[in-house]
Amino acid sequence: MTETRIDRRFAKLKAEDRAGLVTFVSAGDPDPETSKRILAGLPAAGADIIELGMPFSDPMADGPAIQASSLRALKAGQRMTKTLGMVAEFRKSDNETPIVLMGYYNPIYVYGNERFLADAVKAGVDGLIVVDVPPEADEELCLPALAVGLNFIRLATPTTDAKRLPKVLANTSGFVYYVSITGITGAAAPDVAKVHGEVKRIKAATTLPVAVGFGVKTGEQAQSIAKGADAVVVGSALVSAIEKSLGENGAATGETVPAVLDLVKGLAAALRSR
Amino acid sequence: MTTTSTADAKLNSYRSGPDERGHFGLFGGRFVAETLMPLILDLEQAYKDAKADPAFHAELEYLNTFYAGRPSPLYFAERLTEHFRAESKTGGGAKVYFKRDELNHTGSHKINNCLGQILLARRMGKTRIIAETGAGQHGVAVATVCARFGLPCEIYMGATDVKRQSPNVARMYMLGAKVNPVTSGAGTLKDAMNEALRDWVTNVENTYYIIGTAAGPHPYPELVRDFQSIIGKEVREQMMAAEGRLPDTLVACIGGGSNAIGLFHPFLDDEKVKIFGVEAGGHGLEVPNGHAASMNGGSPGVLHGNRTYLLQDDDGQILEGHSISAGLDYPGVGPEHSWLKDTGRVKYVSVTDKEALEAFQLCARQEGIIPALEPAHALAHVMKLAPTLPQNDILVMNMCGRGDKDVFAVAGYLGIAI
């Protein structure tokens with residue numbers, strides 16, 4: 001498979017000898033216009049890789065923060081076509097920052113796998129994380145995605161034991177996303193020492209970069225988690241910042257975009273200062 | 001797409017599914033987060049081992065007989081049969097039997113599955129049980145087996161359902177279960193299932209999830225079906241004893257479809273047996289988002305671990321659906337039913353809330369049996385079907401639950417002051 005923006009970004013991070021910051025926000029949260037402005041501001045604020053959530057009505061692996069974020073976006077009229085449109089618009093001014101679409105299988109399946117992959121490539125998407133398509137179903141979506149040049153990023157978890165890890169890694173590309181806890185997004189903070197050991201275990205089994213996520217909320221946590229890893233993912237904290245910035249009617253305020261970007265700036269600074 | 005629909009393949013048997021990866025043709029599979037995958041694979045192995053272990057079957061049979069009260073009677077509904085014959089415009093009127101699974105301990109067919117799964121949980125060394133429930137029948141059955149085996153138990157139930165099925169909520173508490181009302185979404189069964197999955201992914205090490213219907217990731221649809229198939233197996237024997245032959249027609253209600261697959265599965269290869277599954281038509285199939293008929297009014301998609309027919313919009317967002325019956329108010333259906341629909345082996349129809357309420361009252365008055373609102377849906381279709389069938393047609397309807405839990409809600413709908 002040819003080199004992707006994700007591959008190039010991790011090479012750059014390695015050259016700079018620092019761990020990258022992967023940021024997650026839901027596409028269309030809290031509304032399409034505000035979401036576009038957040039997306040456009042993320043690279044300058046210090047996001048090295050952008051995970052853009054494809055909102056789903058039933059986000060079974062997500063905690064309350066991302067559930068609420070997903071529902072806000074859907075309520076504001078977000079659809080798959082609009083999510084892909086956001087990426088295309090972002091690409092007009094940024095051809096470097098990788099974008100990974102993250103979400104659940106059903107909206108992709110209903111859009112049509114082949115059509116989705118073609119439109120994602122056309123829009124400038126670099127990779128996919130689809131929470132509920134395990135390696136056992138690789139021929140459905142993972143292999144077709146690789147065939148059109150998209151990275152398919154797999155989650156490895158504390159329950160992915162030595163026996164299973166090779167299966168999870170087999171068709172993974174771009175990077176491996178290590179889920180630091182058994183749980184949902186935004187839950188309790190991970191045990192840092194344990195995570196370091198787990199990341200070591202995964203790195204011993206692959207040459208791919210490893211990003212660590214789930215439960216990372218502060219710059220301090222990000223900094224300590226980052227040791228030994230190639231990137232840290234922050235999501236729930238960012239969408240919670242969106243939620244807190246909203247007016248009484250649930251609409252975006254002047255605070256919304258800066259609230260997210262300032263948090264990203266703080267996280268990025270922490271990761272660059274080690 | 002991985003598999004072509006077996007709808008166009010020549011089948012030797014309708015009873016051989018699922019394949020080793022949990023597929024019933026296009027449907028089924030294992031669409032879960034990685035955290036759960038190792039456990040799902042463990043469960044599959046544990047179930048294989050249990051199936052091959054005579055001690056497992058012996059213990060289950062013992063519990064079915066002495067704890068659940070099986071076999072449940074096959075009852076000739078004589079007055080309803082007379083009623084349908086009087087109604088028939090063609091001089092017909094099928095002979096109607098009820099499979100009385102409402103007489104089981106806990107009041108529904110749900111105990112069949114819970115006894116099987118609690119034994120599996122014990123074999124796997126799990127120390128904590130969780131479950132989702134809609135009408136509360138499954139929740140009560142889970143709370144019951146957890147009390148019986150001394151395991152702590154948490155039940156997720158939509159906040160809307162907690163209100164409309166309060167007698168069952170009280171029963172769960174009395175049995176020592178913790179009931180967690182779920183407020184996300186519309187607060188019904190789908191949301192309860194999401195929340196149960198979130199609990200499971202968090203407590204995967206020690207927790208066993210007793211799924212209540214023949215849906216979810218493989219091997220749940222298979223094992224729930226197997227545990228519920230005792231219904232159809234008993235009907236075969238009981239009907240041979242009563243009539244000396246197999247029935248001509250089977251009818252059962254479909255939410256997730258566990259009682260229906262339990263009745264249908266042992267008869268799938270008896271091609272002369274006509275089989276009807278009855279979905280919840282709510283306000284009517286023509287009312288957008290006003291029904292819970294995922295096969296008659298939905299399209300294939302992936303939710304809660306399996307590919308199946310779903311109520312959803314054209315962006316793949318799941319709809320809430322609506323039914324008067326909390327047990328049928330689910331936007332999906334077990335994958336085997338989706339496959340049986342596409343192969344044409346089972347005919348899936350729907351009845352409205354109003355028709356189900358009429359059947360509920362007819363059954364109470366004619367037979368002295370207050371049905372749950374779920375089998376009242378099945379009976380509403382029997383009311384349409386039986387008068388059109390000849391008198392020598394033998395029809396079996398699964399009376400899968402009793403209506404005690406529904407009396408307050410139905411009294412409200414009928415304007416009866418209590």
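All of the points below concern the structure found in this document. Not measured: the values here are computed from a predicted model.

### Details of the overall build of chain B
Thinking step 1. Looking only at helices and strands, chain B features 16 helices and 14 strands.
Thinking step 2. By the compact-globule yardstick of 22 Å for 418 residues, chain B fits well, its C-alpha radius of gyration being 20 Å.
Thinking step 3. The principal-axis extent of the C-alpha atoms belonging to chain B is close to 60 × 55 × 50 Å.
Thinking step 4. Here the contacts in chain B between residues at least 6 apart in sequence split such that 75% fall between residues at least 24 apart.
Thinking step 5. For chain B, the exposed area adds up to about 14200 Å²; of that, 53% sits on carbon and sulfur atoms.
Thinking step 6. With 40 positive and 48 negative side-chain charges, chain B shows a spacing of 3 Å between the two charge centroids.

### What about the sheet that holds strand β11 (residues 299-303) of chain B?
Residues and elements named next belong to chain B.
Thinking step 1. Across the sheet, which stays open at both edges, the four strands sit in the order β1-β2-β12-β11 with antiparallel pairing between neighbours. Edge strands, defined here as strands with exactly one partner in the open sheet, are β1 (23-24) and β11.
Thinking step 2. Most of the contacts of helix α13 (residues 335-343) go to strand β12 (residues 305-310), to which it runs at about 45°, and overall it touches β1, β2 (27-31) and β12.

### Some remarks on the pattern of salt bridges
Thinking step 1. Applying the stated criterion across every chain yields a total of 50 salt bridges over all chains.
Thinking step 2. A salt bridge links Glu 139 of chain A to Arg 21 of chain B, with the shortest nitrogen-to-oxygen separation between them at 3.1 Å. With Glu 139 of chain A in the loop between β4 (127-130) and α7 (142-147) and Arg 21 of chain B in the segment before β1, this residue pair bridges two chains.
Thinking step 3. Owing to a relative accessible area of 27%, Arg 21 of chain B belongs among the partly exposed residues under this scheme.
Thinking step 4. Its salt-bridge partner being Lys 274 of chain B, residue Asp 393 of chain B comes within 3.1 Å of it at the nearest N-O pair. One end of the pair, Asp 393 of chain B, is in the loop between α15 (373-385) and β14 (394-398); the other, Lys 274 of chain B, is in strand β10 (residues 274-280), with 119 residues separating them in the sequence.
Thinking step 5. When its relative accessible area of 4% is taken as the criterion, Asp 393 of chain B is described as buried.

### Quick notes on a nonpolar patch on the surface
Residues and elements named next belong to chain B.
Thinking step 1. Taken together, the side chains of Phe 408, Tyr 413, Leu 414, Ile 416 and Ile 418 define a hydrophobic patch exposed on the protein surface, amounting to about 560 Å² of accessible area.
Thinking step 2. Positionally, Phe 408 belongs in helix α16 (residues 407-414).
Thinking step 3. Assessed through its relative accessible area of 52%, Phe 408 is described here as exposed.

What counts as what
- Residues numbered from 1 in each chain as written.
- Chains lettered and ligands numbered in written order.
- Predicted model: local features only at pLDDT ≥ 70, side-chain atom pairs only at ≥ 80, totals over all residues.
- Heavy atoms only, no water.
- Helix = DSSP H or I, 4+ residues; strand = E, 2+ residues; numbered from the N terminus.
- Rg over C-alpha atoms; globule rule 2.2 N^0.38 Å.
- Contact = heavy atoms within 4.5 Å.
- Areas by Shrake-Rupley, 256 points an atom, 1.4 Å probe, with all protein chains shown as cover.
- Lys, Arg positive; Asp, Glu negative; His and termini not counted.
- Charge placed at Lys NZ, Arg CZ, Asp CG, Glu CD.
- Pairing = 2+ DSSP bridges.
- Axes fitted to C-alpha atoms, helices over the stretch in contact; angles between N-to-C directions.
- Salt bridge = Lys/Arg side-chain N within 4 Å of Asp/Glu carboxyl O.
- Buried < 20%, exposed > 50% of the residue type's maximum accessible area, 1.4 Å probe, protein only.
- Patch = residues over 30% accessible without salt bridge, like charges linked within 9 Å, V, L, I, M, F, W, Y side chains within 5 Å.

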